[in-house]
Amino acid sequence: MSARTDTSPSGESQAATGTTPEGPFTLTAGPADAGARLDRFLAAAIGTLSRSRVKALIEAGHVTRDGQPAGDPSEAIRTGATYVVAPPAAQPATPQAQDIPLTILFEDRHLIVLDKPAGLVVHPAPGNQDGTLVNALLAHAGEELTGIGGEKRPGIVHRLDKDTSGVMVVAKSEVAHTALSAAFASRDLERAYLALAWGVPAPASGEVDAPVGRHPTDRKRMAVVARNGKHALTRYATERAWGTSCALLRCRLATGRTHQIRVHMAHIGHPLVGDPVYLRRLPATARGLPVAARDALLAFPRQALHAESLGFHHPVTGEMLRFSTPLPPDMQALLALLDGNPG
């Protein structure tokens, strides 16, 4: 369906009713728009396409001015000119839809919030071409995806490691993808993780402010590095402790680097229970635990890390949304053993 944006009596352009996220869009510039960059004007007037997406559409020949191709994203807007943006139909996503059960916490036409289980890879990649969260989301909401970057796909704005469980948000529309990506980039949101770590930090709460980058000799690992690292800040507080053997920590991210919590906790001498990458030796503090609890913690097959809560402003309504999930059963079982309640 075509939508038109006409000039108002004040001479400013205004969005017309009936605009759909897919377009095409017809917009007539008013005097107040004169001189603005074409890509900036179109993105602001449409509201559901990011500026980078509009720029790509212009360069690909999908934008006209008074019936003629408008191929320069930086060209100046002309008063009274009519611009038509006609995005091509969103192409089916390359990954295939797969019916994988999901625990949905919230969903509307713009986003999905879910509780990701441990063991689920977020995005297809070499070695994990299917069976991922993206495959599951394509099956769950494929017909509702309006197209992000010209492809019908869920917009992944942040990731959890394969073996980290917890709350994630995924965009279903271009406008949500743009706004949520900006929120994560600027850290304009709330995120808290629960981590079971070896030993008990002293002080009981604090922060780790140390740059994170690729390990200098093992490129598959991250590390606190002196050169070429990115600023990384993790705040932690001890929720519970079992003697000096281990502690349940609540960690809040002020930055979002790859493996940040895992790297930072290992850096201060408190690697996460079960971490296959950053737990490098048998923890001496394990000797202080009862045999059943010690054996269970040493045999735990993944990093004991759970994205407990996530809060952010809805990308369209502006409403503050907050979601939280309890520890998954495998981590709850560890705590029960530590408490002397094997179940």
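You'll find the structure just up there.
The text that follows walks through the structure, step by step, so that each part is easy to find. (Residues numbered from 1 in each chain as written. Predicted model: local features only at pLDDT ≥ 70, side-chain atom pairs only at ≥ 80, totals over all residues. Heavy atoms only, no water.)

Scanning the protein from N- to C-terminus turns up seven helices and 19 strands. Look at the contacts in the protein between residues 6 or more apart in sequence, and 64% of them connect residues 24 or more apart. (Helix = DSSP H or I, 4+ residues; strand = E, 2+ residues; numbered from the N terminus. Contact = heavy atoms within 4.5 Å.)

Below, the discussion takes up the pattern of salt bridges. Counted by the stated rule, this structure contains 14 salt bridges. Between R37 and D39 there is a salt bridge, with the nearest N and O atoms lying 2.9 Å from each other. Owing to a relative accessible area of 30%, R37 belongs among the partly exposed residues under this scheme. Residue D295 pairs with R294 through a salt bridge whose shortest N-O separation is 3.5 Å. Taking relative accessible area as the criterion, D295 reaches 40% and is therefore assigned partly exposed. The structure contains a network of salt bridges with shared partners spanning R37, D39 and R51. (Salt bridge = Lys/Arg side-chain N within 4 Å of Asp/Glu carboxyl O. Buried < 20%, exposed > 50% of the residue type's maximum accessible area, 1.4 Å probe, protein only.)

Here we come to the packing of aromatic side chains. Throughout the structure, instances matching the rule amount to three aromatic pairs. Taking the centre distance of 5.7 Å and the plane angle of 45° together, the rings of F106 and F323 count as tilted. Note that F106 is positioned in strand β7 (residues 104–107) and F323 in strand β19 (residues 320–324), a separation of 217 residues in sequence. Every member of this aromatic cluster is reached through a ring pair, and the members are F106, F312 and F323. (Phe/Tyr/Trp six-rings, centres within 6.5 Å; stacked < 30°, edge-to-face > 60°.)

Attention shifts here to helix α1 (residues 38–46). The element α1 is largely enclosed, with a buried count of seven among its nine residues. Regarding α1, the residues found buried are L38, D39, F41, L42, A43, A45 and I46. The inward-facing, buried residues of α1 contact β2 (25–28), α2 (51–59), β3 (63–65) and β5 (82–85). Of the residues one or two after α1, G47 is the one with positive phi, at around 85°.

Further remarks concern the nonpolar core. By size, the foremost hydrophobic cluster in this structure holds 29 residues, and its most contacted members are L114, L133, Y193, I261 and M265. Taken together, the elements giving at least two residues each to this core come down to β8 (111–116), α3 (133–141), β11 (165–171), β12 (190–198), β17 (246–253), α5 (260–267) and β18 (305–313). Each of two domains, domain 2 (93–186) and domain 3 (187–342), supplies a minimum of three residues to this core. Apart from the residues lying within four places of it in its own chain, the contact partners of L133 are L102, L114, L120, V121, V122 and M168. Counting residues in hydrophobic clusters, the runner-up holds 19 residues, among them I46, V54, L57 and A70. (Core = buried A, V, L, I, M, F, W, Y, C linked by side-chain atoms within 4.5 Å. Domains from an automatic or database assignment.)

Moving on: the side chain of R191. One can find R191 in strand β12. Comment: no salt bridge for buried R191; closest opposite-charge side chain is D161, at 10 Å. (Lys, Arg positive; Asp, Glu negative; His and termini not counted.)

Time to look at the packing of helix α6 (residues 291–299) against helix α7 (residues 329–338). To describe two helices that pack against each other, one gives the angle between their axes and the distance between the axes. Interhelical geometry of α6 versus α7 gives an angle of 155° and a closest axis separation of 8 Å. As far as their axial angle goes, α7 and α6 are roughly antiparallel. The handedness of the crossing between α6 and α7 is left-handed. Judged by residue contacts, A292, A293, A296 and L297 of α6 engage L334, L337 and L338 from α7. Classifying every residue of the contact of α6 with α7 gives seven nonpolar, no polar and no charged. (Axes fitted to C-alpha atoms, helices over the stretch in contact; angles between N-to-C directions. Parallel < 35°, antiparallel > 145°, perpendicular 65-115°, else oblique. Left-handed = near helix turned anticlockwise from the far one by under 90°. Nonpolar A, V, L, I, M, F, W, Y, C, P; charged D, E, K, R; others polar.)

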